[in-house]
Amino acid sequence: MANNYINLTEKPFLRRAKLTFALMDGSTVVIDSDGTRGTLRMGFTVHKSINGNPNSSTFTIYNLSKKTRDSLNQNFSGVQLEVAWETSTLHVIYIGQTLSCITTREGADYVTRITAVTNIKNQSLTPIAKTYGEGMPLKSVLKDVAGRFQDVKIDDNKIKVDGSINYGGFTTAGLAKDCLDNLANLYGFNWSIQDGVFQAVPDTFTGFANATVVSYKNGTLFSVTPILMTSMQLISGITVNALLIPTVFPGDVINVESEVNSQLDGAWYVHTIESSGDLCTNEWRMTIQCFKNNFESPVGSP
């Protein structure tokens, strides 16, 4: 019978990450690591938000060759991060463009830190000048505006807004980002580009049926604490510290089950996510800020 055990001395953590760079000169650099001695050590801190503002993230790679370090010094190169557990399929959790690549000597290691940002070109360079008539479906308007962004996919299932353009129509001239911001303020939704896919979700969201369970029972929940507001210390939201779940995105709903703070249990609307990991340490977690239906009335007091 074959011996299928995994030597944890050689492979201390059952996870992997794949970092792909599409360089400005047309070449590609791929770093695939699972923490074993034969692969490079890699770490990351990825920020995501429900709104359309660019989010900055950082990738740390140890002991790259000088040739590879030099090749990565091309700002605005594309970067994609995929992560997974050992036995599961890789999931994309970040797509963006590089802003800087700096290498320092730290003891025996050459440590390369790469700062990247999401959608910076689309945010600052995509123009629009158009009038949308009264009664035009809002979803069609969003698809038309977002379709002007370069390398951004439009998925009907990710545009969860209804309604139509109000009396008098809507006229815009300037950046597509500003157009979307104005529409979001007028019609009550949040928009963003999540890993290359345009997303629009309403301020008041009721799609709780497919919520991801984050629970002490399945080992995904580390802790949950309330976000307090006003002198009355009312609970406006929660901060969740959890195991890294690559399929959770801003705009999703999670169902929290806490052993300690059961008053915080239930369905929560994800606003921001910070995912961090290191293939050679215990770091493999996410910090999620959530609110009930996007800042609706506070849910109670502690």
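In this text, all values refer to a predicted model and were calculated from it rather than measured experimentally. (Residues numbered from 1 in each chain as written. Predicted model: local features only at pLDDT ≥ 70, side-chain atom pairs only at ≥ 80, totals over all residues. Heavy atoms only, no water.)

Visitor: So what about the overall build of the chain? Which residues, and what values?
Guide: Scanning the chain from N- to C-terminus turns up four helices and 17 strands. If you line up the chain on its principal axes, its C-alpha atoms span 65 × 50 × 45 Å. Counting only residues that meet the buried cut, the chain has 45% of its 302 residues in that class. Taking the contacts inside the chain whose residues are at least 6 apart along the sequence as the reference set, 60% of them involve residues at least 24 apart. In the structure as shown, the chain presents an accessible area of about 14,800 Å², 50% of it carried by carbon and sulfur atoms. Between the centroid of the 24 positive side chains of the chain and the centroid of its 27 negative side chains there is a distance of 5 Å. (Helix = DSSP H or I, 4+ residues; strand = E, 2+ residues; numbered from the N terminus. Buried < 20%, exposed > 50% of the residue type's maximum accessible area, 1.4 Å probe, protein only. Contact = heavy atoms within 4.5 Å. Areas by Shrake-Rupley, 256 points an atom, 1.4 Å probe, with all protein chains shown as cover. Lys, Arg positive; Asp, Glu negative; His and termini not counted. Charge placed at Lys NZ, Arg CZ, Asp CG, Glu CD.)

Visitor: Outline the environment of Gly277, supporting the account with residue identities and numerical values.
Guide: With respect to the helices, strands and loops of the structure, Gly277 is situated in strand β16 (residues 266–278). With relative accessibility at 4%, the residue Gly277 sits in the buried group. When the C-alpha positions of Gly277 and Pro137 are compared, they lie 41 Å apart, and in sequence the two are 140 residues distant. Leave out the neighbours within four places in its chain, and Gly277 touches Met42, Gly43, Phe44, Glu283 and Trp284.

Visitor: Run through the nonpolar core, naming residues and quoting values.
Guide: Counting 24 residues, the largest nonpolar core has Leu19, Phe21, Phe44, Phe59 and Leu81 as the members making the most contacts within it. Secondary-structure elements contributing two or more residues to this core are β1 (15–22), β2 (28–33), β3 (42–49), β4 (56–62), β5 (78–85), β6 (91–106) and β7 (109–117). Those residues in contact with Leu81 that sit more than four places away from it in its chain are Ala17, Lys18, Leu19, Met42, Phe44, Val46, Phe59, His91, Val92, Ile93 and Tyr94. Of all hydrophobic cores here, the second largest spans 23 residues; its members include Val141, Ile165, Ala184 and Phe198. (Core = buried A, V, L, I, M, F, W, Y, C linked by side-chain atoms within 4.5 Å.)

Visitor: Tell me what's going on with the pairing of β1, and back it up with residues and numbers.
Guide: Sheet analysis places β1 next to β5, joined by eight bridges and oriented antiparallel. When the sheet's bridge partners are listed, Lys18 is paired in β5 with Glu82. A loop of five residues connects β1 with β2, the two strands running antiparallel in sequence, and Gly26 in this loop sits at a positive phi of about 95 degrees. (Pairing = 2+ DSSP bridges.)

Visitor: How would you explain the packing of aromatic side chains if you had to name every residue and give the values?
Guide: Inspection of every chain in the model, using the stated rule, returns five aromatic pairs. On the numbers, 6.3 Å between centres and 20 degrees between planes, the contact of Phe149 with Trp191 is stacked. Here Phe149 is found in the loop between α3 (138–146) and β9 (170–175), whereas its partner Trp191 is found in strand β10 (residues 189–194), with 42 residues between them in sequence. The exposure classification of Phe149 matches that of Trp191, with both residues buried. One cation-aromatic arrangement involves Arg69 over Tyr110; the distance from NZ or CZ to the ring centre is 4.7 Å. Sitting above the plane of the Tyr110 ring, Arg105 keeps its charged end 4.7 Å from the centroid. (Phe/Tyr/Trp six-rings, centres within 6.5 Å; stacked < 30°, edge-to-face > 60°. Lys NZ or Arg CZ within 6 Å of the ring centre and 35° of its normal.)

Visitor: A description of unusual backbone geometry should follow, citing residues and the corresponding values.
Guide: Backbone geometry follows two general trends: most residues other than glycine have a negative phi, and most peptide bonds adopt the trans configuration. With a phi angle near 60 degrees, Asn63 is a residue other than glycine that sits in the positive phi range. Positive phi values are uncommon outside glycine, yet Asp195 reaches one of about 55 degrees. Within the secondary structure, Asp195 sits in the loop between β10 and β11 (197–202). The class for Asp195 is buried, based on a relative accessible area of 14%.

Visitor: Help me get a handle on the pattern of salt bridges, residues and values and all.
Guide: One pass over the full model with this rule turns up ten salt bridges. Where Asp195 meets Lys48, a salt bridge forms, and the shortest distance between an N and an O atom there is 2.8 Å. In this pair, Asp195 is assigned in the loop between β10 and β11 and Lys48 in strand β3, connecting sequence segments 147 residues apart. A salt bridge links Asp156 to Lys143; its shortest N-O distance comes to 3.0 Å. Of this pair, Asp156 sits in the loop between α3 and β9 while Lys143 sits in helix α3, placing them 13 residues apart in sequence. Residue Asp156 is classed as partly exposed on the basis of its relative accessible area, which comes to 37%. Since its relative accessible area comes to 32%, Lys143 is described here as partly exposed. Overlapping salt bridges bring together Lys130, Asp144 and Arg148 as one network. (Salt bridge = Lys/Arg side-chain N within 4 Å of Asp/Glu carboxyl O.)

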